[in-house]
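Here's the letter readout for the chains.
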Number of protein chains: 2
Amino acid sequence: MDGVVAYIRRLIERGEIRAGHRLPAERELARRIGVSRPTVRAGLQTLVAMQILHARPGAGTFVADGPPRFGTEPLSFLAALHGFTRDEMFEARRALEVSVAGLAAERARPEQLAGLADEVTSMFASLQDPQTFLIHDIRFHRAVGAASGNPILASLVEMVAAMFYEQRRKTAGRAHDLTSTAAAHRKIYQAIRARDGARAQAAMNEHLLAAQQEQASEELRLVKIGAPPLGTQKG
Amino acid sequence: MDGVVAYIRRLIERGEIRAGHRLPAERELARRIGVSRPTVRAGLQTLVAMQILHARPGAGTFVADGPPRFGTEPLSFLAALHGFTRDEMFEARRALEVSVAGLAAERARPEQLAGLADEVTSMFASLQDPQTFLIHDIRFHRAVGAASGNPILASLVEMVAAMFYEQRRKTAGRAHDLTSTAAAHRKIYQAIRARDGARAQAAMNEHLLAAQQEQASEELRLVKIGAPPLGTQKG
DNA sequence: ATCCCGAATTGGTCTGACCAAGAACTTGGA
DNA sequence: TCCAAGTTCTTGGTCAGACCAATTCGGGAT
């Protein structure tokens, strides 16, 4: 089965298969590699789990295209397993995204700036809808990651953001003060647009600290009215 | 198949299965969930690919124990796919590990400090053996990640370090100046031991910058003598 | 009590088959 | 001639049953 993964990897490394391309059918791969189809499927499955490949029934199996991104599930599974704390999540985000914001300020291309602006606008437009707001919130952070110009960092941000989103989606109730959150994002955007790395870093740091504190008080309030916090405490 | 993943996830989230535990046999799971064994295997395979589970033939399938860690392959696969640059790798490491070093300085426990010291010692002891040196180099950085006390950051460092190791292992020839590299690590260790977060960050930053520059010149030399650089250039 | 061997359990692989979703080709009508 | 609808083929997803190799564990011999 490892042979299957190695075979696919060779195809990719040799450039015979590039991003977006379709790879041979499972039956064909089985014939070429000299193993059975279940074994081929096992190998492909691990690659699909990593989101290196994605399979479409009836169409074929394709190499992931677009910006590089990992599977988002691994982190959220680890979160379920080890019970990542809310504070740990924010700390990780700060460690990562503050630097990323600085890089984004240096390198963001015009269309990426426009994308950031769009997300900020959408946030202001969905102040009354916490779920929609959350989606644009996450997308803004992913966009900052992409604007950093570093695909590795973009992938890491993507990963952490996805985990965060999954955790948050359950508890994002009628949050208050979405206005100030939106304003914080605009501040980050403006700093990036102004090519001011230091200010972008500071704004990102402040935003994440504020969000952390806000969620802490929100959780406290939920506890007061009897609702148990959802899976963010240490096991 | 997604149902299988969801089922396992519920087991974990409910605490019925904890880290290190063995989960029911595939045939038993198939019976409980109401699908066939191949389907169960497909689900487990995705979890194994994420290194959430690991299977031992004849023994059973177990939930990963020890410190949380992701699959290391995804990143290296992405590296093969998108051709991450050496500079991008170092930039990502700087963004991540500088902050991590600062946290480690604040929180490293005594046994973690001892572990760091051991790795530094091993590095000095293997100045004549680049491959062994590299192993301890990576282990030092992973140890710093663990010492940060944040499992998420530790996992991210683990991931990036693994990718870096895989890339480096192929080209780590008769590197020069391993002495100064070892010294740089000792400097980081000493700063962490002294609980000086700012100094730890600075030392880590300097080390990564120096290593980046050294590898750049090393690659240049390899090109001069006719050896092509190995898979670190943009595709 | 200790050691060794065999039976039972378990993950890994194989064969062969069927189903549903796309894709591609054919065919009919305009 | 051109387009649209329907059929056929390909492809991934699932299922069934079987065998193998590694591991575990219990029973029997020493």
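Let me begin by describing the structure that accompanies this report.

Cut-off values and rules
Residue numbers restart at each chain and count upward from 1, following the sequence in its written direction. To label them, take the chains in the order written and letter them from A, then take the ligands in the order written and number them from 1. For this predicted model, a pLDDT threshold of at least 70 governs which residues receive local features, and a threshold of 80 or more governs which side-chain atom pairs are given and counted, while totals over whole chains, interfaces and linings are taken from all residues. Hydrogens and water molecules were not included; the side-chain quantities draw on all heavy atoms of the structure. Under the DSSP-based scheme used, a helix requires at least four consecutive residues in state H or I and a strand at least two consecutive residues in state E, with every element numbered from the N terminus. With a 1.4 Å probe rolled over the protein chains alone, any residue whose accessible area is under 20% of its type maximum counts as buried; one over 50% counts as exposed, and the rest are partly exposed. The contact definition used throughout considers only heavy atoms, calling two residues in contact when any of these lie within 4.5 Å. Using a 1.4 Å probe, the Shrake-Rupley method yields the accessible areas, and only the shown protein chains count as cover for residues. For the least-squares superposition of copies, only C-alpha atoms count, and only for residues with pLDDT at least 70 in both. It suffices for a single heavy atom of a residue to lie within 4 Å of a molecule or strand for the residue to be listed as near it. Polar contacts, as counted here, are pairs of nitrogen or oxygen atoms within 3.5 Å of one another; within protein the pair requires one atom able to donate a hydrogen and one able to accept it, and residues that are adjacent in sequence qualify only if both atoms are side-chain atoms. Gly counts as polar in this scheme, as do all residues outside two lists: the nonpolar Ala, Val, Leu, Ile, Met, Phe, Trp, Tyr, Cys and Pro, and the charged Asp, Glu, Lys and Arg. Helix axes are fitted only over the stretch in contact, all axes being lines through C-alpha atoms; the angle between N-to-C directions runs from 0 to 180 degrees. Convention used here: angles under 35 degrees read as roughly parallel, angles over 145 as roughly antiparallel, angles from 65 to 115 as roughly perpendicular, and any remaining angle as oblique. Think of it this way: DSSP has to see at least two bridges between two strands before they count as a pair.

**Points about the overall build of chain A**
Link 1 in the chain: Across its full length, chain A carries 10 helices and three strands.
Link 2 in the chain: Counting only residues that meet the buried cut, chain A has 51% of its 235 residues in that class.
Link 3 in the chain: Sequence-distant contacts in chain A: of pairs separated by 6 or more residues, those separated by 24 or more amount to 72%.
Link 4 in the chain: Carbon and sulfur atoms provide 52% of the accessible area of chain A, an area that totals close to 10,700 Å².

**Regarding the relation of the copies chain B and chain A**
Link 1 in the chain: The two copies are related by a screw operation: chain B maps onto chain A through 180° of rotation and 0.0 Å of translation along the axis, at an RMSD of 0.1 Å. Put plainly, the chains are arranged around a two-fold axis.
Link 2 in the chain: Mapped onto chain A, 100% of the interface residues of chain B again fall at the interface, so both copies present the same surface.

**Points about the protein's contact with DNA strand C**
Link 1 in the chain: Neighbouring residues of DNA strand C: 22 residues in total, closest Ser-36 and Thr-39 of chain A together with Glu-26, Arg-37 and Arg-41 of chain B.
Link 2 in the chain: Close to the protein, within 4 Å, the atoms of DNA strand C are drawn from sugar and phosphate at a rate of 63%.
Link 3 in the chain: The contact in question runs from a phosphate oxygen of DNA strand C to an N or O atom on the backbone of Met-1 of chain A, over 3.4 Å.
Link 4 in the chain: In this structure, a phosphate oxygen belonging to DNA strand C sits 3.4 Å away from a side-chain N or O atom of Arg-22 of chain B.
Link 5 in the chain: Every element with two or more residues in the surface near DNA strand C is listed here: α3 (37-49) of chain A together with α2 (26-33), α3 (37-49), β2 (53-56) and β3 (60-63) of chain B.
Link 6 in the chain: Ranked by residue count, the leading element in the surface near DNA strand C is α3 of chain A, at three residues.
Link 7 in the chain: Residues belonging to the surface near DNA strand C are distributed by class as follows: seven nonpolar, six polar and nine charged.

**Let's talk about the side chain of Glu-26 of chain B**
All names here are of chain B.
Link 1 in the chain: Mapped onto the elements of the fold, Glu-26 is located in helix α2.
Link 2 in the chain: When its relative accessible area of 15% is taken as the criterion, Glu-26 is described as buried.
Link 3 in the chain: Side-chain polar atoms of Glu-26 contact the side chain of Arg-37, separated by 2.5 Å.
Link 4 in the chain: Dropping the residues within four chain positions of it, Glu-26 is found in contact with Arg-37, Val-40, Arg-41 and Leu-44.

**Looking at the packing of helix α5 (residues 86-107) of chain A against helix α8 (residues 151-171) of chain B**
Link 1 in the chain: In contact at an axis separation of 8 Å, α5 of chain A and α8 of chain B are set at 45° when each is read in the N-to-C sense. Of the possible angle classes, the one that applies to α5 of chain A and α8 of chain B is oblique. When α5 of chain A is examined against α8 of chain B, the residues Glu-88, Met-89, Glu-91, Ala-92, Ala-95 and Leu-96 of chain A are found in contact with a partner set consisting of Pro-151, Ile-152, Leu-153 and Leu-156 of chain B.
Link 2 in the chain: Grouping the amino acids of the contact of α5 of chain A with α8 of chain B by side-chain chemistry returns eight nonpolar, no polar and two charged.

**Quick word on the sheet that holds β3 of chain B**
Residue and element names in this part refer to chain B.
Link 1 in the chain: Ordered by their spatial adjacency, three strands build an open sheet running β1-β3-β2, and the pairing between neighbours is antiparallel. Strands at the two margins of the open sheet, each flanked by one partner only, are β1 (22-23) and β2.
Link 2 in the chain: In this sheet, β3 lies alongside β2 in antiparallel orientation, the contact comprising four bridges. The partner of Arg-56 across the bridge, within β3, is Gly-60.

**Quick word on the pairing of strand β3 (residues 60-63) of chain A**
Residue and element names in this part refer to chain A.
Link 1 in the chain: Residues of β3 alternate between two faces, with Gly-60 and Phe-62 on one and Thr-61 and Val-63 on the opposite face, all of them buried.
Link 2 in the chain: Both strand β1 (residues 22-23) and β3 contribute to a ladder of two bridges, which runs antiparallel. Bridge pairing in β3 links Leu-23 to Thr-61.
Link 3 in the chain: Here strand β2 (residues 53-56) folds back onto β3 in antiparallel fashion, the turn holding three residues, of which Gly-58 has a positive phi close to 85°.

Spatial relationships are all this shows, so hold off on functional conclusions.
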